[in-house]
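Geometric and topological summary
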Amino acid sequence: MPGASLINGVAGDLLSIEDRGLAYGDGLFETIAVHNGRAQLLDLHLQRLQQSCLRLAIHLDRAALSLEINDILKAAQPQGCDVLKIIITRQSGQRGYAYADGTSNRLLQLKPNATNSAVLQEQGVRLRFCTTPLAVNPQLAGMKHLCRLENVLARAEWHDEHIYEGLMLDTQGCVTEGVMSNIFLVKDGMLSTPHLDRCGVAGVMRECILSQLAPKLQLVVSVDRLLLEHIHNADELFICNSVIGIVPVTAVAAFNKTIGETTRLLQQAMHDALYV
């Protein structure tokens, strides 16, 4: 597949074997949908990236990154969909786990989007529950860091092509997120999503729903500890991330779900915000 990649502003795809992102997962990443050459929800992505870099004490040259994003987007399809991935790693320094203060490496990659989001959004998807738990660690909660082995193990649990996504629980039994998405439920007209102060990724589309789309539609929304029974008893379920958008859930394990009005209203609000 054609694409483009930059490392610290220079075209290329080779990185030092001593890079701390490779050695320790010492870094962060963002996956951004690009529509007709425009990076969607870019401000929210960069805001999360900046905040996470501050939490990990990774220096980020925001000005240089912005210029590089503009440069690589010139290779985007003028009438089509792409995915921009940004990886920030702490540059190699002291030997071992200790690190020296300094700059970070900026890796940007642009590729055509192979996901048919429109079909997923219209038809919905089936989910399963994963047995791989998410470890509780408030120091890393919410960040999209490079240490994603829990998600790798969870995704390896199924090979059924009819199952699109798996839901992950934390070690205390609370539903936290999908392997690659966030989860929302609707019950009696109220919108709820899991609290992510202990583990999980605070997704950009999740934030867009909480701070922009739900208020616009005057939906009551809460962030709670959700259990399996909440998922089973929900009137509607949907998953979301920045690439697939808002996708209805038609079944979780043996429990069938209906694509409801609230999900469709949020999908329309998302479409109006991003594409119109």
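In this numbering scheme, every chain counts its residues from 1 along its sequence in written order. Residues qualify for local features only when their pLDDT is at least 70, as the model is predicted, and side-chain atom pairs are given and counted only at 80 or more; totals for whole chains, interfaces and linings, by contrast, use all residues. Each side-chain value is worked out from all heavy atoms of the structure, with water and hydrogens disregarded.

1. Focus: the environment of Pro215
Basically, it comes down to this: Segments assigned H or I by DSSP are reported as helices when at least four residues long, segments assigned E as strands when at least two residues long, and all are numbered from the N terminus. Note on classification: 1.4 Å probe, protein chains only; a residue is buried when its accessible area is under 20% of the maximum for its type, exposed when over 50%, partly exposed between these limits. We call two residues contacting when some pair of their heavy atoms lies within 4.5 Å.
By the secondary structure assignment, Pro215 is in helix H6 (residues 204-216). We classify Pro215 as partly exposed; its relative accessible area is 45%. Expressed as a C-alpha distance, the spacing of Pro215 and Leu14, which sit 201 residues apart in the sequence, is 44 Å. Those residues in contact with Pro215 that sit more than four places away from it in its chain are Ile209 and Leu210.

2. A word on the pattern of salt bridges
Put simply, the rule is: Every case where a carboxyl oxygen of Asp or Glu lies within 4 Å of a side-chain nitrogen of Lys or Arg is listed as a salt bridge.
Summed over the entire model, instances satisfying the criterion amount to 10 salt bridges. A salt bridge links Asp26 to Arg20; its shortest N-O distance comes to 2.8 Å. Each member of the pair, Asp26 as well as Arg20, carries the same accessibility label: buried. Residue Asp26 pairs with Arg90 through a salt bridge whose shortest N-O separation is 2.7 Å. You can see Asp26 sitting in the loop between helix H1 (20-24) and strand S3 (27-35) and its partner Arg90 sitting in strand S5 (residues 81-90), a full 64 residues away along the chain. Assessed through its relative accessible area of 11%, Asp26 is described here as buried. In this structure Arg90 comes out as buried when scored by relative accessible area, which is 6%. Through salt bridges with shared partners, one network takes in Arg20, Asp26 and Arg90.

3. Thoughts on the environment of Val223
You can see Val223 is positioned in strand S12 (residues 221-224). Taking C-alpha positions, Val223 is 34 Å from Ala63, a pair spaced 160 residues apart along the chain. Those residues in contact with Val223 that lie beyond four places of it in its chain are Thr193, Pro194, His195, Arg206 and Leu210.

4. What about unusual backbone geometry?
One non-glycine residue, Asp188, adopts positive backbone phi at about 55 degrees. As for its placement among the helices and strands, Asp188 is situated in the loop between strand S10 (182-187) and strand S11 (190-194). Residue Asp188 is classed as exposed on the basis of its relative accessible area of 68%. Non-glycine residue Ala253 carries a positive phi angle of around 55 degrees. With respect to the helices and strands, the residue Ala253 is situated in the loop between strand S14 (245-252) and strand S15 (255-256).

5. Description of the pairing of S14
The following threshold applies: For two strands to pair, DSSP has to find at least two bridges joining them.
Of all the 8 residues making up S14, 7 are buried; the element is thus mostly covered by neighbouring parts of the structure. Pairing geometry for strand S7 (residues 125-129) and S14, over 3 bridges, is parallel. By the bridge assignment, Arg126 is partnered in S14 with Ala251. Where strand S13 (residues 236-241) and S14 come together, 4 bridges link them in antiparallel fashion. Looking at S14, one finds that Asn241 is bridged to Gly245. In textbook terms, the turn of a hairpin is the stretch between consecutive antiparallel strands, and for S13 and S14 this stretch comprises 3 residues. Relative to S15, S14 is paired through 2 bridges, and the arrangement is antiparallel. Pairing of Ala251 across the sheet is with Asn256, part of S15.

6. Details of the sheet that holds S5
To be explicit about the condition: Axis definition: a line fitted to C-alpha atoms, over the contacting stretch in the case of helices. Angles run 0 to 180 degrees between N-to-C directions.
Pairing within the open sheet is antiparallel, and its 6 strands lie in the order S2-S1-S6-S5-S3-S4. Edge positions in the open sheet fall to strand S2 (10-11) and strand S4 (38-39), since each of these has one partner strand only. Of the strand pairs in this sheet, strand S1 (residues 4-7) and strand S6 (residues 104-112) are connected by 4 bridges, and their pairing is antiparallel. Its bridge partner lying in S6, Ser5 is registered against Gln109. Taken strand by strand, helix H3 (residues 62-73) contacts S1, S3, S4, S5 and S6, and its axis lies near 20 degrees from that of S6.

7. Quick word on the side chain of Arg106
Spelled out, the test is: N or O atoms within 3.5 Å of each other form a polar contact, as long as, within protein, one can give a hydrogen and the other can take it, and as long as residues adjacent in sequence are counted only when both atoms are side-chain atoms.
Here Arg106 shows up in strand S6. Residue Arg106 is classed as buried on the basis of its relative accessible area of 11%. A polar atom in the side chain of Arg106 sits 2.7 Å from the side chain of Glu68.

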